[in-house]
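Here is what each chain is made of, one letter per residue.
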Amino acid sequence: MLPRHLLRCNSLRRPSSISLSPSHFISFASPSILPADASNSELSAVDEVVAQLSGWFPGKVMRSGWMERLVPCMSSEEVEAVIERLGDKKPESAVAFFNWLRDEVGWKHGRKSRFLVCHFWARRGNVKELRRVLQEMVVDEGTGSAPSLCDLLWNCFRDWNSTKLVFDLMAFTYSRCEMVHDSLYVIAKMKDYHFQASIQTYNSLMHHLRRTDLMSDIYEEIKSNQMTPTQYTDSIFIHGLCEQSRFHEAISFQRESRTRDSPSTVSYNTLMSALCNIGYADVAKSFFCMMLKCGISPDSYSYNILIHGLGVAGSMEEALEFTNDMERNGVSPDTVTYNILAKGFCLLGSMDGALDVIQRMTLSGCNPDLVTYTILIFGYCQIGMVNESLRLRGEMILMGFQLNQVGYSILLSSLCKAKRVDEAMLLLYEMKASDLQPDIVIFSILIRGLCMQGDVLRAVELYNEMCSHRICPNSYSHSAILMGFCREGKMTEARVFFNSLDENHLIDDIVMYNIMIDGYAKLGLMSDAVQLFQKLCRKGIAPSIITFNILIFGFCKAGNLHEARNLFSTIRRFGLEPNVVSYTSLMNAYSQNNWMGSVFQQISKMKAAHVEPTHITYTVIIKGYCNLGMLKESLQLLNDMYAKKHTPDQITYNTIIQGCCKAGDMGKAFQLHNDMLAHNIQPGPVTYNILMNGLCINGYLEEADNLLITLEKQNIKLTKNAYSTLIKAHCVKGDVQKSVTLFHQFLQKGFDVSIRDYSAVINRLCKRRSLHEVNIIFRLLLFQGISLDHHLWNVVYEAFGEDDSHCLELDLLAKMIKFGFFHIDRL
């Protein structure tokens, strides 16, 4: 027969996994666990449970069916009464009942039940379990719960000997859960009750307040309470001072502690670590020496801190010396030590040094770990050896290591920079297959890589996938996609994406506007650019100097110098100052129009505004001089650039070389070419195109042929323009055979040859009546399947038809008829 209590609650029974009582169900006004007016039925229910659990086998009773059916029908007051009474008679059963309810039944205990169990563990001295129960309660109660918990603990348990410990650990637990204000409240109440918080609680508070001024107040309170700070307390205080950039105070404190008592290795390590992190490795070394003078033996952590600091500073020889010193003093370098050294060499780009460290590591019995491989992969990627990084990835997989997100992000970034985006995408699929989810960094790298190679639609797909994983895209991803659309000239798609970002309030600065305005300006869509500029002004977004420079460049490119000048004059109204780009853009437009007077006016304004010209500014002025044939002034300005420490680039030299070629001074042109080499400026294909064109125009065909042979021997790649120029020149001169030979070389180089290239050669050969060669070139054209036009067919037809001694070949005629360019009635 079921107990009468089960009969009483059977109709109200609920599933055992549901908690019937919230933690705030009861508020207690007195230390008594049960209300004074508790009914007899409630007491008898408590009595029966207590009686059952006070026997020899409480665990068996709890697992019995009647207990599982009875307990969910009990109230929080009844459960608390059971725990209290069992705590007096059989404390172990009380705790077992508490845990069984929480873990098996899913009961959410009230505050009193938890405090009762806390006192049980406090009496037993089991601090670990006491912290566990307090942490569960603090997390459930949340921020701001300290006042009510303190009142309950004091009102119900003030006479209990373990109350002080429970108070102290509650303050400690609040601190560990980063509820600092609640922790401070508990400590303040403890003072009211004449309880003293432990040094461990104060240490925890100091740690969480180390970035604030309150840390110093806590330390002063420790001393005012006549408590002895531990070595850990001092190290926390030093760490906090360093976190607040109060390094002088940290150093002074360390010196005072050295005179007061024996400072610990921990405090020295803390100070040295902070100093190394801000680049003061030399100062950290002095404290290392101080440790030795004080008779404190540095541990491996001390050495690792200093070796890391020296490695970041690039002093690898000194770092290696400290490693040797470790071994001489009986401190064995560990895996961390070798990883620090390897990273130092990688940062310097010295992979040989890093590999020597790894070899030394394995000889000492330390095995490379995941960090080791990640460092080496980073090192190889940094110097552009991506294939070696991929080889290492394969090696580490064979060793049983799984590449983490950091390692993948390094590899993906390097592959994208090397324009190997498809391989990067394969790595993404590999990550997913390994159940490693890509994060915002990895998605952003790939989105930018796809956009850089012009695959914007695929980047958008990846963007949508990122959003489906509830990863919020950042401005890096947004700008990459927007820039990708603009770079491809897809301004309609760019504007749609831009508007969607704007509607979702994801544009809060000028960067996205600048990207869009730049896209419009480069396509000459200045009305759209201006409209967007007006929109950002209406929204209260401040334009940057970049915004103005983009618009000025756009107007100059469109030939609207009036608007460009007007815009330039409005820059200061927005609280900005024109920079060198602003001035140079206008100067370039003036230079292209041969308005050198306006160029010199801009130079005067730049000097008055203390804006220093760049090598681009000088190049613009040189271009203006060359357009006017003022080579002497151009060369003088080139010398001035070197005198003023402005290094010319390829464009600067190409501009003057082209001016010399136009003036027929090929000797000076080649002298400038040699000057480039002397200054370690490598001439590019454009440079040689200019020289080749200059030689041909000025009649130096033999020298042009020799230049071509020299460049081919040196494996210097030329553009198709260089060959086209030389072919045309030989045709004009009448050297038909040389023209045809060069044209064959031209085709063998694999250039993208068009109908225009064939027309240029065939036209010139026809004028020279070189019909045999025309036939050869014409057949090559047809063989390559290039689409023909009426003009070229007519040129060929007329060339053959006008020569009485040369009949039009039948197969050529057949082809003309086949392609519809010749009618039979013309025969």
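For the structure, see preceding data.
Report on the accompanying structure.

What counts and how
- Residues numbered from 1 in each chain as written.
- Predicted model: local features only at pLDDT ≥ 70, side-chain atom pairs only at ≥ 80, totals over all residues.
- Heavy atoms only, no water.
- Phe/Tyr/Trp six-rings, centres within 6.5 Å; stacked < 30°, edge-to-face > 60°.
- Helix = DSSP H or I, 4+ residues; strand = E, 2+ residues; numbered from the N terminus.
- Buried < 20%, exposed > 50% of the residue type's maximum accessible area, 1.4 Å probe, protein only.
- Lys NZ or Arg CZ within 6 Å of the ring centre and 35° of its normal.
- Expected span 1.5 Å × (residues − 1).
- Arc of directions from axis to C-beta.
- Contact = heavy atoms within 4.5 Å.
- Axes fitted to C-alpha atoms, helices over the stretch in contact; angles between N-to-C directions.
- Parallel < 35°, antiparallel > 145°, perpendicular 65-115°, else oblique.
- Left-handed = near helix turned anticlockwise from the far one by under 90°.
- Salt bridge = Lys/Arg side-chain N within 4 Å of Asp/Glu carboxyl O.

Some details on the packing of aromatic side chains
The description of two aromatic rings rests on the distance between their centres and on the angle between their planes.
Link 1 in the chain: Applying the stated criterion across every chain, the model contains 22 aromatic pairs.
Link 2 in the chain: Judged by centre distance (5.1 Å) and plane angle (65°), the ring pair of Phe 288 and Tyr 303 falls under edge-to-face. Here Tyr 303 lies in helix α18 (residues 300-312) and Phe 288 lies in helix α17 (residues 281-293), a separation of 15 residues in the sequence.
Link 3 in the chain: Taking the relative accessible area as the measure of exposure, Tyr 303 reaches 1% and is therefore buried.
Link 4 in the chain: Through a chain of ring-to-ring contacts, the aromatic side chains of Trp 154, Phe 167, Tyr 193 and Phe 195 assemble into a single cluster.
Link 5 in the chain: Over the ring of Tyr 476 we find Arg 448, and its NZ or CZ is 4.9 Å from the ring centre.

Remarks on helix α8 (residues 127-141)
Link 1 in the chain: A rise of 1.5 Å per residue sets the reference length of α8, with its 15 residues, at 21 Å; its end C-alpha atoms lie 21 Å apart and thus fit the reference within 8%.
Link 2 in the chain: Along α8, the residues classified as buried are Leu 130, Val 133, Leu 134, Met 137, Val 138 and Glu 141. Considered in projection along α8, the buried side chains sweep an arc of 130° and stay on one side of the axis.
Link 3 in the chain: In this structure, the buried residues of α8 make contact with α6 (91-105), α7 (111-124), α9 (146-157) and α10 (163-176).
Link 4 in the chain: Of the residues one or two after α8, Gly 142 is the one with positive phi, at around 85°.

Thoughts on the packing of α18 against helix α19 (residues 316-328)
Link 1 in the chain: Across the interface, α18 lies against α19 with an axial gap of 8 Å and an inter-helix angle of 165°. As summarised for this structure, α18 and α19 are arranged roughly antiparallel, according to the angle between their axes. When the axes of α18 and α19 are compared, the crossing they make is left-handed. Residue-level contacts link Ser 300, Tyr 303, Asn 304, Leu 306, Ile 307, Leu 310 and Gly 311 of α18 to Met 316, Glu 318, Ala 319, Phe 322, Thr 323, Asp 325 and Met 326 of α19.

What about the pattern of salt bridges?
Link 1 in the chain: Overall, the coordinates contain 25 salt bridges when judged by the stated rule.
Link 2 in the chain: Here Arg 458 and Asp 422 are joined by a salt bridge, their closest N and O atoms 3.1 Å apart. Within this pair, whereas Arg 458 is found in helix α27 (residues 456-468), its partner Asp 422 is found in helix α25 (residues 421-433), the two being separated by 36 residues in sequence.
Link 3 in the chain: The closest approach of N and O atoms between Asp 455 and Arg 458, which form a salt bridge, is 3.7 Å.
Link 4 in the chain: The class for Asp 455 is partly exposed, based on a relative accessible area of 23%.
Link 5 in the chain: Linked through salt bridges whose partners overlap, the residues forming this network are Glu 129, Arg 132 and Glu 136.

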